[in-house]
Amino acid sequence: MTPDDFDTLVRSRRSVRGYLPDPVADAVITQAVQTALWTPSNCNVQPWSLHLVSGAKLRALGAAMIAHASAGRPAPDVPMDTAYQDVFRSRQIGAAKALYTAMEIARDDQQGRTDAFLRNLDAFGAPHAFFVFLPEGFGTREAADLGGFVQTLLLALTAQGLGSCPQGALSLYPDLVRDHLGLPKGPQLVCGIAFGHIDPDHPTNAARTDRAALTDILTRHPS
């Protein structure tokens, strides 16, 4: 692989919110995860675990989360209460505008926006989703390593020609997820990853976000 090949791979990865129903071959999923296992981590502790949910079981879990969303407040293991300010708020608004414009949902269409959010909880109808857990007792440093693992997994899925979307929304009701999957308390549910074959005709997949300028991110210190 050349540097240009890698650059193309990274830039071609995007958050996909519309999928075909066809399942992904198990061998393809296994290869993507095997690749992601080579993500570096502090002291090589590899602080991550994945639970793969597919087909009817994923739809049932999504339906349960949608029902739960109308009955109670989210209670994620990892708080999602950061109030973005300044340039970070501007980037958040820009991403929302790109998505709602692609879906032709007006700013004052509250029902449309609610319906669009609830699709998150069903993994956008994807045939598969990973639920990503941080082992018990680990904190910010290990969570940073887990983020690297998620990025590597997303790129591995992209290399297989698949679409994917990392989702904080799939972590909003961790106790419900644990109940459906028969998992014990302890490990923290950090996020989910919807993935599958891309539906080229789904309107959400026309959304595009930009990136900050290099000069906004990189500070060079003279030698």
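For the structure, see preceding data.
Quick look at the structure, then. (Residues numbered from 1 in each chain as written. Predicted model: local features only at pLDDT ≥ 70, side-chain atom pairs only at ≥ 80, totals over all residues. Heavy atoms only, no water.)

## Quick word on the overall build of the chain
Quick note on the threshold: Counting from the N terminus, the helices are the DSSP runs of H or I reaching at least four residues and the strands are the DSSP runs of E reaching at least two. As defined in this context, the radius of gyration uses C-alpha atoms, and a globule is described by 2.2 Å times the residue total to the power 0.38. Exposure classes here rest on a 1.4 Å probe applied to the protein chains alone. A residue is buried below 20% of its type maximum, exposed above 50%, and partly exposed in between. Accessible areas in this description were obtained via Shrake-Rupley with a 1.4 Å probe; residue shielding takes into account the shown protein chains only.
Each helix and strand in the chain was counted, giving eight helices and four strands. The linear arrangement of helices and strands in the chain, starting from the amino end, is α-α-β-α-α-α-β-α-β-α-β-α. A compact globule built from 223 residues should have a C-alpha radius of gyration of about 17 Å, and the chain, at 18 Å, falls within 12% of that. For the chain, the spread of C-alpha atoms along the principal axes amounts to about 60 × 40 × 35 Å. Expressed as a percentage of the 223 residues in the chain, the buried residues total 36%. Of the roughly 13100 Å² that the chain leaves accessible, carbon and sulfur atoms contribute 55%.

## Notes on the environment of glycine 112
Relative to the helices and strands, glycine 112 resides in helix α5 (residues 110-121). Owing to a relative accessible area of 14%, glycine 112 belongs among the buried residues under this scheme.

## Observations concerning helix α4 (residues 86-102)
So the rule is basically this: Every helix has an expected span of 1.5 Å times one less than the residues it contains. Residue contacts are counted whenever heavy atoms from the two residues lie within 4.5 Å of one another.
In this model, α4 (17 residues) spans 25 Å end to end at C-alpha, consistent with the 24 Å of a helix rising 1.5 Å per residue. Among all positions in α4, only Ala98, Leu99, Tyr100 and Ala102 are buried. Of the surrounding secondary structure, the elements contacted by the buried residues of α4 are α5. Looking one or two residues past α4, glutamate 104 carries a phi angle of roughly 55°, positive in sign.

## With respect to the packing of aromatic side chains
We count it as follows: Only Phe, Tyr and Trp rings are paired, with Trp represented by its six-membered ring, and only when their centres lie within 6.5 Å; those with planes under 30 degrees apart are stacked, over 60 edge-to-face, the remainder tilted.
Taken as a whole and assessed by the stated rule, the structure comprises two aromatic pairs. Note on phenylalanine 130 and phenylalanine 195: the rings are 4.7 Å apart at their centroids and 15° apart in plane angle, and the pair reads as stacked. Taken together, the residues span a long stretch of sequence, with phenylalanine 130 in strand β2 (residues 128-134) and phenylalanine 195 in strand β4 (residues 188-196) at a distance of 65 residues. Here phenylalanine 130 matches phenylalanine 195 in class, with each residue buried.

## As for the nonpolar core
As a reminder, the rule being used: Residues enter a nonpolar core if they are buried and are Ala, Val, Leu, Ile, Met, Phe, Trp, Tyr or Cys, with the set joined through side-chain atoms within 4.5 Å.
Ranked by size, the top nonpolar core spans 24 residues in total, and within it Tyr19, Met65, Phe131 and Val177 carry the most contacts. Going through the elements one at a time, α3 (55-69), β2, α7 (174-181) and β4 are the ones with two or more residues in this core. When residues in this core are grouped by element, the largest group, four residues, is from α3. Not counting chain neighbours up to four residues away, the residues in contact with phenylalanine 131 comprise Ser49, Leu50, His51, Val53, Leu58, Leu61, Leu170, Val177, Leu189, Cys191 and Gly192. Grouped together as the second largest cluster of nonpolar side chains are 20 residues, Ile29, Ala32, Val150 and Leu153 included.

## Quick look at the pairing of β2
Counting buried residues along β2, seven of its seven residues qualify, which places the element largely inside the surrounding structure. Residue alternation in β2 divides its side chains into two sets, His128, Phe130, Val132 and Leu134 and Ala129, Phe131 and Phe133, and both sets are buried.

## Let's talk about the state of the cysteines
Selection rule: Defined by distance alone, a disulfide is two cysteine sulfur atoms within 2.5 Å.
Evaluated as defined, the whole model comprises zero disulfides. For cysteine 191, which is in no disulfide, the shortest distance to another cysteine sulfur is to cysteine 165 and amounts to 10 Å. What makes cysteine 191 buried here is its relative accessible area of 11%.

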